[in-house]
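Listed here are the chains, written in short residue letters.
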Amino acid sequence: MTSTIVSVEWLYKNQDLPNLIILDASLKENQAKAITDFDNLRIPKARFFDLKTAFSDQNNPLPNSLPSPSQFEQEASKLGISKNSILVVYDNLGIYSSPRVWWLFKVMGFINIAVLDGGLPQWIKNNYTVEHIPEKEVYTLGDFEVDFQPELVKTNNQVGRNILDQKYLVVDARIENRFKGIIKETRAGLQSGHIPMALNIPFSSVLCETTFLHPEKLTTILIPDDKPLIIYCGSGVTACIVMLAYALIGKHNCAIYDGSWAEWGQEK
């Protein structure tokens, strides 16, 4: 896979490619309160990638926490994913949770993955075949192996130190009113506001409805800076949308603050 995103046209033409596995990263609920019309539908043969349980640390009280390398390796193998797999991931909102899966695989040292631009809505808009999601499926065990990349993940302490040394530019991917503290946080026990000296690039600003903006347009929206980036949001999901947008314009020295505002914004 030579691109970080692929079109629905590409996937339609290549869906029988050897070693290709399509992952459905759709969420049942989301903090953006976005609603899908395609709740029980999937692209044919897609495999459900369970971000909320199988691929998050259930012992961490923070939402969507990065799983351990061993947990990720085991769960990816259960999905039939191997070292030579080609992965395309989508979600039923277009672009929402799928970039989080792209980032997770990058953290685990696997780069042969792309996000489906426009996701399930664009697939259906093109009148491509869909099917109902079955209750349960079992796959032949894969031989996935993790090669953990710690530089792609930042912790609370690292973000705190950056306020002093300013080695990284910090970007907040939440909507402007949350960034400015104008509206209350939806999660209980969180203050309003943002990390000191962070800049705001709402994840919706890099999208045109269900697809990414053209790279030329993205360059006018994304903050140009030679510094590496730390990107965060409410719980580490939509920050990955902005990270992927930066990748589309060739900036790859970015990391995600996995705890995001769910950790930093906790009332003291």
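Shown above is the structure to which this text applies.
Computed from a predicted model, the values in this text were never measured in an experiment. (Residues numbered from 1 in each chain as written. Predicted model: local features only at pLDDT ≥ 70, side-chain atom pairs only at ≥ 80, totals over all residues. Heavy atoms only, no water.)

A. Representation of the overall build of the protein. The helix and strand tally for the protein stands at nine helices and 14 strands. A compact globule built from 268 residues should have a C-alpha radius of gyration of about 18 Å, and the protein, at 18 Å, falls within 12% of that. Principal axes of the C-alpha set define a box for the protein whose edges measure 50 × 40 × 35 Å. Counting across all 268 residues of the protein, residues that qualify as buried make up 51%. Relative to all contacts within the protein whose residues are 6 or more apart in sequence, the contacts with residues 24 or more apart total 79%. Summed over its atoms, the accessible surface of the protein is roughly 13,000 Å², and 51% of this surface lies on carbon and sulfur atoms. For the protein, the distance from the average site of its 25 positive side-chain charges to the average site of its 30 negative ones is 4 Å. (Helix = DSSP H or I, 4+ residues; strand = E, 2+ residues; numbered from the N terminus. Rg over C-alpha atoms; globule rule 2.2 N^0.38 Å. Buried < 20%, exposed > 50% of the residue type's maximum accessible area, 1.4 Å probe, protein only. Contact = heavy atoms within 4.5 Å. Areas by Shrake-Rupley, 256 points an atom, 1.4 Å probe, with all protein chains shown as cover. Lys, Arg positive; Asp, Glu negative; His and termini not counted. Charge placed at Lys NZ, Arg CZ, Asp CG, Glu CD.)

B. Seen up close, the layout of surface pockets. Estimates place the volume of the largest pocket at around 520 Å³. Looking at the largest pocket, it is lined by 25 residues, and the ones nearest its centre are Arg 47, Phe 48, Asp 50, Ile 133 and Glu 135. Going through the elements one at a time, strand 3 (41-42), strand 4 (47-48) and helix 2 (69-78) are the ones with two or more residues in the lining of the largest pocket. (1 Å grid on protein atoms, 1.4 Å probe; cavity = no way out; pocket = protein on both sides within 12 Å on 5 of 7 lines; lining within 4 Å. Points joined across faces, edges and corners; volume = space filled by probe spheres on them.)

C. Fine view of the sheet that holds strand 13 (residues 229-232). What the five strands build is an open sheet, ordered 8-14-13-9-10; its pairing is parallel. At either margin of the open sheet sits one strand with a lone partner, and together these are strand 8 (153-154) and strand 10 (199-200). Pairing of strand 9 (residues 169-172) with strand 10, which is carried by two bridges, proceeds in the parallel orientation. Counted as the bridge partner of Asp 172 is Asn 200 from strand 10. (Pairing = 2+ DSSP bridges.)

D. Broad picture of the sheet that holds strand 6 (residues 113-116). Strand order in the open sheet formed by five strands is 1-6-5-2-4, and the pairing between neighbours is parallel. Every interior strand has two partners, whereas the edge strands, strand 1 (5-6) and strand 4, have only one. Of the pairings in the sheet, the one linking strand 2 (residues 20-24) to strand 5 (residues 86-90) comprises five bridges and is parallel in character. Bridge pairing in strand 5 places Leu 20 opposite Ile 86.

E. Region of interest: the nonpolar core. Grouped together as the largest cluster of nonpolar side chains are 60 residues, with contacts concentrated most on Leu 23, Phe 49, Trp 103, Phe 105, Phe 212 and Ile 231. It is helix 8 (residues 239-248) that provides the largest number of residues to this core, a total of ten residues. Apart from the residues lying within four places of it in its own chain, the contact partners of Leu 23 are Arg 47, Phe 49, Leu 79, Ile 81, Leu 87, Val 88, Val 89, Tyr 90, Val 101 and Phe 105. Core analysis: the next-biggest nonpolar cluster, separate from the first, contains 16 residues, Ile 43, Leu 120, Trp 123 and Tyr 128 among them. (Core = buried A, V, L, I, M, F, W, Y, C linked by side-chain atoms within 4.5 Å.)

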